[in-house]
Amino acid sequence: MASGSGDDERNTEGVSWRLIGPATGLSNKRCRLMYSSLGHSSDVCLFYVKGEFFAMDARCAHSGRPLCEGDIEEADGVLQVFCPWHDYDFDLRTGKSGTSLQQKVYEVKLEDGNVYVKHGSCLSLQPFPADPKS
Ligand code: FES
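Residues numbered from 1 in each chain as written. Predicted model: local features only at pLDDT ≥ 70, side-chain atom pairs only at ≥ 80, totals over all residues.

Q: Describe the overall build of the chain, with residues and values.
A: A tally of regular secondary structure across the chain gives one helix and eleven strands. Mapped from its N terminus to its C terminus, the chain presents α and β elements in the order β-α-β-β-β-β-β-β-β-β-β-β. Relative to its full complement of 134 residues, the chain shows a buried share of 27%. For the chain, the share of sequence-separated contacts (at least 6 apart) that also reach a separation of at least 24 residues comes to 48%. (Helix = DSSP H or I, 4+ residues; strand = E, 2+ residues; numbered from the N terminus. Buried ≥ 20, exposed ≤ 12 C-beta atoms within 10 Å, placed from the backbone. Contact = placed C-beta atoms within 7 Å.)

Q: Residue-level account of the environment of Gly120, with values.
A: The topology assignment puts Gly120 in the loop between β10 (114-119) and β11 (123-124). When the 17 C-beta atoms within 10 Å are taken as the criterion, Gly120 is described as partly exposed. Separated by 103 residues in the primary sequence, Gly120 and Trp17 have C-alpha atoms spaced 8.6 Å apart.

Q: I'd like a rundown of the environment of Val44, residues and numbers included.
A: Mapped onto the elements, Val44 comes out in strand β3 (residues 44-49). Spatially, the C-alpha atom of Val44 lies 9.3 Å from that of His119, the residues being 75 residues apart in sequence. Those residues in contact with Val44 that sit more than four places away from it in its chain are Met34, Ser36, Ala55, Met56, Asp57, Ala58, Tyr106, Val117, His119 and Leu123.

Q: Help me get a handle on the sheet that holds strand β5 (residues 71-75), residues and values and all.
A: Read across the sheet, three strands follow the order β5-β6-β7 without closing on themselves; strand pairing throughout is antiparallel. Looking at which strands have only one partner, the edges of the open sheet turn out to be β5 and β7 (89-91). On average, each strand axis in the sheet is tilted by 35 degrees relative to the strand beside it, whichever way the strands run. Pairing of β5 with strand β6 (residues 78-82) involves five bridges; the strand directions are antiparallel. (Pairing = 2+ DSSP bridges. Axes fitted to C-alpha atoms, helices over the stretch in contact; angles between N-to-C directions.)

Q: Give a detailed account of the sheet that holds strand β9 (residues 108-111), specifying residues and quantitative values.
A: In space, the three strands of this open sheet follow the order β1-β10-β9, with antiparallel pairing throughout. Because the sheet does not close on itself, it has two edges, and the strands there are β1 (16-22) and β9. This sheet shows a mean twist of 30 degrees between the axes of neighbouring strands, independent of strand direction. In terms of strand pairing, β1 meets β10 through six bridges, oriented antiparallel. Looking at the pairing, Leu19 lines up with Tyr116 of β10.

Q: With reference to specific residues and values, describe the nonpolar core.
A: Ranked by internal contacts, the top residues of the largest apolar core, which has 24 residues, are Val44, Cys45, Leu46, Phe47, Ala55, Met56 and Leu67. Secondary-structure elements contributing two or more residues to this core are β3, β4 (52-57) and β10. (Core = buried A, V, L, I, M, F, W, Y, C linked by C-beta atoms within 7 Å.)

Q: Describe unusual backbone geometry, naming the residues involved and giving the relevant values.
A: Located in the positive-phi region is Asp76, a residue other than glycine, with phi close to 55 degrees. Assignment of secondary structure puts Asp76 in the loop between β5 and β6. A tally of 4 C-beta atoms within 10 Å means that Asp76 is categorised as exposed. Phi is positive for Asp112, close to 50 degrees, though the residue is something other than glycine. With respect to the helices, strands and loops of the structure, Asp112 is situated in the loop between β9 and β10. Residue classification places Asp112 among the exposed residues on the basis of 9 C-beta atoms within 10 Å.

Structure follows, in structure tokens:
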């Protein structure tokens, strides 16, 4: 399979696999913020917990606080992140909460040692320039 084709473009048309980077480097932190080319509200958290990557919207479905700063706990085999603001829980795998809220989650795959996230915008570990024309 071709590698990297289309991943550097700011393609916002349709969902596709977005190359994030080598798994070895990404697995040394529990959560990283991935910036979206669509803007702040579409940023994504990349979690690495118990040898597995998970991706979900970075802004809490309740009031938009950053989930990357939340605590992660396991209960009955379910990995959850707890929002740092009001302590709502979200299943890392499904995005479901004990409340009625649902956090959007994204598929993650490992290929040739790299992490990919299926998303409708480009994702980057670095912020996108404020003015894409400059
Ligand atoms: S902002 Fe996350 S629980 Fe309220």
